[in-house]
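So the chains spell out like this:
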Amino acid sequence: MPGIDECLLEVMRLPGARGASVVDWTSGLALGTIGDSPNGDHEATAAETAEVARMTAEQPAFAHLAAEGGGEPPGGPAGSPSTPVEDVIVTTHDGYHMLRFVETAFDSSVFLHLWMDRSAGNLALARMRLGELAERLVLA
């Protein structure tokens, strides 16, 4: 099971990978970074992507359908440790940004951020690999 550094090294092996980070979306802090940052500052990018992650994970519109008769989605309210959002993909004219939420034993407020070159990247492959890495990631 890879730790943060090993996970980021594996992410950078993906075709078109330009930069990656593991971010705590509650605080907006980068727990680890590698490669380039879209704006040249990994910490600023972590804070900006954390806003997108938080905004997405906390919205009821993205929750699983509640059980018959209403109530909360399985696992509790959106943004809880079992948030139903798996990933967020943002496309730009020259790149892809993928945020993959990581389920953890504690508060599940961590995600992987991958920035890829649009002409060299393979979005489907990246989504599958980030999912696999998120499942195996060990946060210590």
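Per chain, residue numbering runs from 1 following the sequence as it is written. Whole-chain, interface and lining totals are the exception, using all residues; otherwise, since this is a predicted model, local features are given only for residues with pLDDT of at least 70 and side-chain atom pairs are given and counted only at 80 or more. Water and hydrogen atoms play no part in the side-chain values, which are based on all heavy atoms of the structure.

**Student:** Residues and numbers for helix 2 (residues 42-57), please.
**Tutor:** Helix and strand assignments come from DSSP, with helices taken as H or I runs of at least 4 residues and strands as E runs of at least 2, each series counted from the N terminus. For a helix, the expected span equals 1.5 Å multiplied by the residue count minus one. Its 16 residues give helix 2 an end-to-end C-alpha distance of 22 Å, which sits within 8% of 22 Å, the value for a rise of 1.5 Å per residue. Restricting attention to buried positions, one finds in helix 2 the residues Thr-45, Ala-46, Thr-49, Ala-50, Ala-53, Arg-54, Thr-56 and Ala-57. Around the axis of helix 2, the buried residues are gathered within 165° of arc, so they sit on the same side. Here a residue-residue contact requires only that any non-hydrogen atoms of the pair lie within 4.5 Å. Of the surrounding secondary structure, the elements contacted by the buried residues of helix 2 are strand 1 (17-24), strand 2 (29-35), strand 3 (87-91), strand 4 (95-102) and strand 5 (110-117). When accessible area is computed with a 1.4 Å probe and restricted to protein chains, residues below 20% of their type maximum are described as buried, those above 50% as exposed, and intermediate ones as partly exposed. The directions considered for the arc run from the helix axis to the C-beta atoms.

**Student:** Run through the sheet that holds strand 3, naming residues and quoting values.
**Tutor:** The strands making up a sheet associate through backbone hydrogen bonding, with each pair oriented either parallel or antiparallel. Pairing between strands is defined by DSSP: at least two bridges between them are needed. A sheet is described by the order of its strands in space; here five strands give the open sequence 2-1-5-4-3, paired in antiparallel fashion. Lying at the two open borders of the sheet, with one neighbouring strand each, are strand 2 and strand 3. The mean angle between the axes of side-by-side strands here comes to 15°, regardless of whether they run parallel or antiparallel. Axis lines are fitted to C-alpha atoms, over the contacting stretch for helices. Their N-to-C directions set the angle, which ranges from 0 to 180 degrees. In the packing of helix 2 onto the sheet, the strands contacted are strand 1, strand 2, strand 3, strand 4 and strand 5, and the crossing angle to strand 2 comes to about 120°.

**Student:** Break down the pairing of strand 2 for me, citing the residues and quoting the values.
**Tutor:** Of the pairings in the sheet, the one linking strand 1 to strand 2 comprises six bridges and is antiparallel in character. Looking at the pairing, Asp-24 lines up with Leu-29 of strand 2.

**Student:** How would you explain the nonpolar core if you had to name every residue and give the values?
**Tutor:** Residues enter a nonpolar core if they are buried and are Ala, Val, Leu, Ile, Met, Phe, Trp, Tyr or Cys, with the set joined through side-chain atoms within 4.5 Å. If you look at the biggest cluster of nonpolar residues, it comprises 20 residues, and the most contacted ones within it are Val-11, Leu-112 and Leu-114. Grouped together as the second largest cluster of nonpolar side chains are 12 residues, Val-23, Ala-46, Val-85 and Val-88 included.

**Student:** Lay out the packing of aromatic side chains in plain terms, naming residues and giving numbers.
**Tutor:** Aromatic pairing here means that ring centres of Phe, Tyr or Trp (its six-membered ring) are within 6.5 Å. Orientation follows from the plane angle: under 30 degrees is stacked, over 60 is edge-to-face, and everything else is tilted. For the structure on display, the rule yields two aromatic pairs. Relative to Phe-111, the ring of Phe-101 lies with its centre 6.3 Å away and its plane at 55°, an arrangement referred to as tilted. Linking Phe-101 in strand 4 with Phe-111 in strand 5, this pair joins segments that are 10 residues apart in sequence. Judged by its relative accessible area of 7%, Phe-101 falls in the buried class. Linked through ring pairs, Trp-25, Phe-101 and Phe-111 together constitute an aromatic cluster.

**Student:** Residue-level account of the packing of helix 1 (residues 4-11) against helix 3 (residues 123-136), with values.
**Tutor:** As a packed pair, helix 1 and helix 3 sit with axes 11 Å apart at the nearest point and diverge in direction by 170°. Judged by the inter-axis angle, helix 1 sits roughly antiparallel to helix 3. From helix 1, Cys-7, Glu-10 and Val-11 reach across to helix 3, where they touch Arg-129, Leu-130, Leu-133 and Arg-136. Any residue that is not Ala, Val, Leu, Ile, Met, Phe, Trp, Tyr, Cys, Pro, Asp, Glu, Lys or Arg is counted as polar, Gly included; the first ten are nonpolar and the last four charged. Each residue belonging to the contact of helix 1 with helix 3 can be placed in one class, and the counts come to four nonpolar, no polar and three charged. By the definition adopted for this analysis, an angle is roughly parallel if under 35 degrees, roughly antiparallel if over 145, roughly perpendicular if from 65 to 115, and oblique otherwise.

**Student:** Talk me through the pairing of strand 3; I want residue IDs and the actual numbers.
**Tutor:** Note: strand 3 against strand 4, five bridges, orientation antiparallel. Of the residues in strand 4, the one forming a bridge with Val-88 is Leu-99. Linking two consecutive strands that pair antiparallel, namely strand 3 and strand 4, is a turn of three residues.

**Student:** Can you explain helix 1? Please cite residues and give values.
**Tutor:** Regarding helix 1, the residues found buried are Ile-4, Cys-7, Leu-8, Glu-10 and Val-11. One face of helix 1 carries all of its buried residues, which in axial projection span an arc of 160°. Taken together, the buried residues of helix 1 touch strand 1, strand 2, strand 5 and helix 3.

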